[in-house]
Amino acid sequence: MKKTARLLKSKRDEVIDLWEKEVLQQVKAAPSTNKIALHDHVPNILDDIIEILNRHENTDDYLNDEKIHHIEENSLEHGRHRATSPNYTVDQIIHEYMIFHNVIIKVLHKNDITEESLFHLIKCSIDKAMLNSVTSFTESIQEMQSKLIGTLAHDIRNPLAAARMAIEMMNFESGKERLEKVKKMSYNSVNKAIDLIEGLLDSITVKAGEGIMLSFSEMDINENIQTVYEEACEVFSEEIILDKTDEPINGTFDGTAVRRLLENLITNAIKYGHSEKPVVIKIKNEEEWLNISVHNHGEPIPVEKQEGIFTFLHHGKQQREKKLKSYGIGLTLVKMVAEAHGGTVALRSEVGFGTEFHVKLNKHSNVPGKTRTLLNTEA
């Protein structure tokens, strides 16, 4: 077995290259995955198998080898990674492992190694890895679905709470102008809740690597921004300043998604900012880009937390003076929406400055219609 281990180690790159070539030809989702992401943990699984072969003279006791646990860890990570790669399915993961097994056997046959017990060990190791990958893939998809649905369900509370508040504020004695303003606020909030419910239904069918469904249309987004600002001023007691002009901001947007993006940034700014200093929203309209920045004063986000703060499965743990939960999936949504609009999101968080999120949206990168976002799997 040590002879086989030495052979596989010397042929490691050949095995991986053959595997990659056949996977790209036979697995439907593979061509849309970059080379580094495609390999992910497969070379590590091969290294684990080589190490097991190197540690044993026979195949009787290999299942008790601690190296099996490394195969388990790497295969679990492989499944989780495939869950965040677009278009992968369980059958495609199984197909990847079948190709992996066949390539190893092909290389061994080519080098005159035909011992059946050895092939059995390799098959058992790969089968174990395949089972773990499929399990973690399925669990990760379920977790993504749960988080997306949970986020949408949570966000539905905001417009419904605003609508309820507006209804409670309706008073004929306040005058017609005030009454019309409150009615409009209530109407807009209910409409927004309906749009979010549609998104909730879409999220039930989420697949690997997919995020929320967006519906783009040509519009003036300025009114949506103004509505979010006015609702925030009604809901929060902290001072909120909006710096923008009244000029139209025309482009192709998903209005509901942009509202949610801004709501999440404002909510985070209120939660983690200094309660006695204002949250400042700046809107800058350029020919191609819409720039949105939200700034709060307060303790900065620790540098080690900043890198993964937008990543889907990232779980922040910092606690702030108000004893509130850390930045959560709302920032994942912010990045998804920004990137779906052909844009970016950047973070600046420093002592003495506070925290500012700066979002750039390309006003003309999309055409009207529905499209599903991709998940953020890298910082």
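Residues numbered from 1 in each chain as written. Predicted model: local features only at pLDDT ≥ 70, side-chain atom pairs only at ≥ 80, totals over all residues. Heavy atoms only, no water.

Caption draft 1: How the structure looks around the confidence of the model for the protein chain. Mean pLDDT over the protein chain stands at 81; residues scoring 70 or higher make up 83%. The element-level mean pLDDT for the protein chain is lowest in helix α8 (residues 176-203), coming to 70, with strand β5 (residues 289-296) highest at 97. (pLDDT = per-residue confidence, 0-100. Helix = DSSP H or I, 4+ residues; strand = E, 2+ residues; numbered from the N terminus.)

Caption draft 2: Main features of empty space enclosed by the protein. According to the stated counting rule, one finds 1 cavity of 30 Å³ or more in the structure shown. Counted as a void, the largest cavity has a volume near 40 Å³. Lining the largest cavity, in full, are W19, V42, I45, H78, E96, Y97 and F100. Put simply, the parts of the chain that give the lining of the largest cavity at least two residues each are α4 (42-55) and α6 (90-110). Among the elements that line the lining of the largest cavity, the one with the most residues is α6, at 3 residues. Each residue belonging to the lining of the largest cavity can be placed in one class, and the counts come to 5 nonpolar, 1 polar and 1 charged. (1 Å grid on protein atoms, 1.4 Å probe; cavity = no way out; pocket = protein on both sides within 12 Å on 5 of 7 lines; lining within 4 Å. Points joined across faces, edges and corners; volume = space filled by probe spheres on them. Nonpolar A, V, L, I, M, F, W, Y, C, P; charged D, E, K, R; others polar.)

Caption draft 3: Focus on the environment of S186. Tracing the backbone shows S186 in helix α8. As for S186 and R164, which are separated by 22 residues in sequence, their C-alpha atoms are 7.3 Å apart. When neighbours within four sequence positions are excluded, S186 is seen to be in contact with A163, A166, I167 and M170. (Contact = heavy atoms within 4.5 Å.)

Caption draft 4: Quick peek at the sheet that holds β5. Taken together, the 5 strands give an open sheet; going across it, the order is β2-β4-β5-β7-β6, and neighbouring strands pair in mixed fashion. In this open sheet, the two strands that pair with only one neighbour each are β2 (240-243) and β6 (344-350). On average, adjacent strands in this sheet sit at an angle of 10° to one another, irrespective of strand direction. Sheet strands touched by helix α9 (residues 222-235): β2, β4 (279-285) and β5. Its angle to β2, the strand with the most contacts, is close to 165°. Here helix α10 (residues 255-272) sits on the sheet in contact with β2, β4, β5 and β7 (354-362), set at roughly 20° to β5. (Pairing = 2+ DSSP bridges. Axes fitted to C-alpha atoms, helices over the stretch in contact; angles between N-to-C directions.)

Caption draft 5: Spatial organisation of the nonpolar core. Within the largest apolar cluster, 43 residues are counted, with the highest numbers of intra-cluster contacts made by F100 and I104. Elements that contribute at least two residues to this core include exactly α1 (2-10), α2 (12-26), α4, α5 (67-83), α6 and α7 (116-169). Of all the elements, α7 adds the most residues to this core, at 11 residues. Excluding residues that lie within four positions of it along the chain, I104 makes contacts with L8, V15, L46, I122 and I126. In this structure, L148, I309, L331 and L333 belong to the second largest nonpolar core, which totals 41 residues. (Core = buried A, V, L, I, M, F, W, Y, C linked by side-chain atoms within 4.5 Å. Buried < 20%, exposed > 50% of the residue type's maximum accessible area, 1.4 Å probe, protein only.)

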